[in-house]
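# Inside the fold
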Amino acid sequence: MHEFFAQDVQSRKIYVLHGLGGAGKTQIALKFIEGQIHFTDRILVDASTMETIETGLKSLATAKQTGNSGQDALNWLVSNHKEWLLFFDNADDPGINLNQFFPKCKHGNIIITTRNPNLRFYGAHSQVSDMEELDAVTLLLNSAHQEMSEPNKLLALDIVKVSC
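Criteria and cut-off values
- Residues numbered from 1 in each chain as written.
- Predicted model: local features only at pLDDT ≥ 70, side-chain atom pairs only at ≥ 80, totals over all residues.
- Heavy atoms only, no water.
- Salt bridge = Lys/Arg side-chain N within 4 Å of Asp/Glu carboxyl O.
- Helix = DSSP H or I, 4+ residues; strand = E, 2+ residues; numbered from the N terminus.
- Buried < 20%, exposed > 50% of the residue type's maximum accessible area, 1.4 Å probe, protein only.
- Pairing = 2+ DSSP bridges.
- Axes fitted to C-alpha atoms, helices over the stretch in contact; angles between N-to-C directions.
- Arc of directions from axis to C-beta.

## Quick look at the pattern of salt bridges
The final tally for this structure, using the stated rule, is 4 salt bridges. Here Glu34 makes a salt bridge to Lys31, at a shortest N to O gap of 3.6 Å. A residue pair is termed a helical-turn pair when its members lie 3 or 4 positions apart in one helix, as Glu34 and Lys31 do in helix α2 (residues 25–34) at 3 residues. With relative accessibility at 61%, the residue Glu34 sits in the exposed group. Residue Lys31 is classed as exposed on the basis of its relative accessible area of 57%. The salt bridge involving Lys153 is made with Glu150; its shortest N-O contact spans 3.5 Å.

## Topic: the sheet that holds strand β1 (residues 13–18)
Taken in spatial order, the 5 strands of this open sheet run β2-β3-β4-β1-β5, and their pairing is parallel. What marks the edges here is a single partner per strand, and that holds for β2 (42–46) and β5 (124–127). The average undirected angle you get between the axes of adjacent strands in this sheet is 15 degrees. Of the pairings in the sheet, the one linking β2 to strand β3 (residues 85–89) comprises 5 bridges and is parallel in character. Following the sheet pairing, Leu44 is matched in β3 by Phe87.

## Side note on helix α5 (residues 133–143)
Residues Ala136, Val137 and Leu141 constitute the buried set of α5. Down the axis of α5, the buried set is contained in an arc of 125 degrees. They therefore lie on one face. Positioned one or two residues after α5, His145 has a phi angle of 55 degrees, which is positive.

In structure tokens form, the structure reads like this:
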């Protein structure tokens, strides 16, 4: 994802993370977004339902003082020629056409997380799958800022097994 979003910053880019529920798609996207300083605005939209998408966009319009509708938010994104990022999280419903919620412009960045592999057609994509136990133990210990000692590894392994 780093390389994808670093290239051709003047054009719109869409990236889809797809995979089974609980595989870590949202966490991967959030970690990526957190590490990117070139995005001028980061907009998180719960894409679970049409209503949550519209609510997220309305919140953006209100925050940017451009109106109070989803269309006002999309118009703001169209007129904002900076490196904004629109993150559609949990876009699992195959009945929702996300195109209607994309700003009609040739700039900006979009990330979509979904269980629906058919959404790959929107752009570049990666499948997110479950981690191997050893990778999960390492990630858990690193995230908790704990040393990789044998007792910690055994405790982390117990936690990983319960979580799965």
